[in-house]
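# Examination of the molecular architecture
One letter stands for each residue in the lines below.
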Amino acid sequence: MANNHEHKVDHLDQPFYGPPVLPPVEPPSAAAARRRCVADPHALCCRAIHVLTIVVIAVGVVALVLWLVSLPNALKAYVDSAELTRFELGGSDGAKRGQLLRYNLTVAVSIRNPNRDQAVLYRRLEAVVLYGGERFGYVDFPRTRQGRKSTMVIRPSFVGQGVLAGAAAFGREKEEGFFNINVKLHMRVRLKVMVFVDSVEYRPDVDCYIRVPDPSNATAVAMGFTATRCRVDDFM
Ligand SMILES: *[C@@H]1O[C@H](CO)[C@@H](O)[C@H](O)[C@H]1NC(C)=O
Ligand SMILES: *[C@@H]1O[C@H](CO)[C@@H](O)[C@H](O)[C@H]1NC(C)=O
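Predicted model only: the values in this text are computed from it and were never measured.

Across its full length, the chain holds 5 helices and 12 strands. Residues counted as buried form 17% of the 236 residues belonging to the chain. Within the chain, contacts between residues separated by at least 24 positions form 73% of all contacts whose residues are at least 6 apart in sequence.

The following block contains the structure:
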């Protein structure tokens, strides 16, 4: 009995918590917009154009990425000729840290762009010359552009004097009549991919090991210089 009574009291005492909860009502503007989108043919058309634009941009981006991924062929380079009129080691530069090298070397380097679709834009082109791994001269070339499937020839002239610390091979090579000289090209290039699109910047190095006759050795000079192919980095 007591239990039953308590229950009743509980029930009667239960507070009233307001009206039942209704599903949330959308703000009138959003609802209206959605109705317009579904019903209004102009809005539908608008939406179609929107989707189409996104598809076209996506296809364009994919095409561009595929184009860039299919990397172009590396340049080819040759030393066609070399004219060495002076290559003398000796004498003192006063500092006694090495031997003085007096040099006068001109080389003709032909650079071939084998690509049918890309021109090459040279943002930096520098030729350096080394003997026994020691750099003794360099020449900077101005910015230039090389067309598709074309060859250009540069003729760096290295003239002057410098101190070599090592030059251990000089005596032996003078006896042989030929000096092993290393000409390198350092470059920063971009490829013209499309009219308004350039590739990323590449820094391929060109490495040429040439054997040049000693100008004071008539026999060697008569034997002459042999055109030499250079090693060239890929566009990576
Ligand atoms: C260097 O050699 C070239 C020929 O290759 C010559 O015309 C030029 O006068 C020489 N320069 C010097 C400073 O000896
Ligand atoms: C000159 O060069 C020739 C051919 O390379 C070589 O055999 C000769 O020893 C050289 N002569 C001298 C005087 O160094």
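Having put the structure on the table, let's press on.
This part is about the site of ligand 2. Around ligand 2, the surrounding shell consists of K174, E175, E176, G177, F178, N217, T219 and A220. Mapped onto the shell around ligand 2, the elements with two or more residues apiece are α4 (170–176) and α5 (218–223). Of the residues forming the shell around ligand 2, the biggest block, 3 residues, is contributed by α4.

Attention shifts here to the nonpolar core. Counting 33 residues, the largest nonpolar core has V79, V109, V183 and C208 as the members making the most contacts within it. Listed by contribution, the elements that provide at least two residues to this core are β1 (76–89), β2 (99–113), β3 (119–131), β7 (157–164), β8 (178–194) and β10 (205–213). With 7 residues, the top contributor of residues to this core is β8. Filtering out sequence-adjacent residues up to four positions away, V109 remains in contact with A77, V79, V153, I154, V183, L185 and C208.

This part covers the site of ligand 1. Near ligand 1, the surroundings consist of E83, T85, N104, T106 and V159. Broken down by secondary-structure element, the contributors of at least two residues to the shell around ligand 1 are β1 and β2. Among the residues forming the shell around ligand 1, the class breakdown is 1 nonpolar, 3 polar and 1 charged.

Time to look at unusual backbone geometry. The phi dihedral of K149 is positive, around 45°, even though this residue is not glycine. Relative to the elements of secondary structure, K149 occurs in the loop between β5 (144–146) and β6 (150–154). Using a count of 13 C-beta atoms within 10 Å as the deciding quantity, one classes K149 as partly exposed.

Glancing now at the confidence of the model for the chain. Low pLDDT marks regions whose predicted coordinates should not be analysed in detail. Of the residues in the chain, 79% reach a pLDDT of 70 or more, and the chain-wide mean stands at 84. Confidence drops under pLDDT 50 across residues 1–10; counting only partners more than four residues distant or on other chains, this segment forms 0 contacts.

With respect to the element layout, P114 can be found in the loop between β2 and β3. On the basis of neighbour count, P114 is assigned to the partly exposed category, with 14 C-beta atoms found within 10 Å.

Here the focus is the environment of G162. On the secondary structure map, G162 appears in strand β7. The class of G162 is partly exposed, set by 16 C-beta atoms lying within 10 Å. For the pair G162 and R135, spaced 27 residues apart in the sequence, the C-alpha separation amounts to 9.1 Å. Excluding its chain neighbours within four sequence positions, the residues that come into contact with G162 are L101, F136 and G137.

Before going further, it helps to spend a moment on the pairing of β1. The sheet contact formed by β1 and β2 spans 12 bridges and is antiparallel. Note that in β2 the partner of E83 across the bridge is T106. Bridge count for β1 against strand β11 (residues 228–229) is 2 bridges, and the pairing is antiparallel. Residue V79 lies in a different strand from β11, and its bridge partner there is T228.

This part covers the environment of V197. Checked against the element boundaries, V197 lands in strand β9 (residues 197–198). Measuring from C-alpha to C-alpha, the distance between V197 and L64 comes to 9.7 Å, with 133 residues separating the pair along the chain.

Attention now goes to the pairing of β10. By the bridge criterion, 9 bridges tie β8 to β10 in an arrangement that is antiparallel. Note that in β10 the partner of F179 across the bridge is V212.

What counts as what
Residues numbered from 1 in each chain as written. Chains lettered and ligands numbered in written order. Predicted model: local features only at pLDDT ≥ 70, side-chain atom pairs only at ≥ 80, totals over all residues. Helix = DSSP H or I, 4+ residues; strand = E, 2+ residues; numbered from the N terminus. Buried ≥ 20, exposed ≤ 12 C-beta atoms within 10 Å, placed from the backbone. Contact = placed C-beta atoms within 7 Å. Near = placed C-beta within 6 Å. Core = buried A, V, L, I, M, F, W, Y, C linked by C-beta atoms within 7 Å. Nonpolar A, V, L, I, M, F, W, Y, C, P; charged D, E, K, R; others polar. pLDDT = per-residue confidence, 0-100. Pairing = 2+ DSSP bridges.

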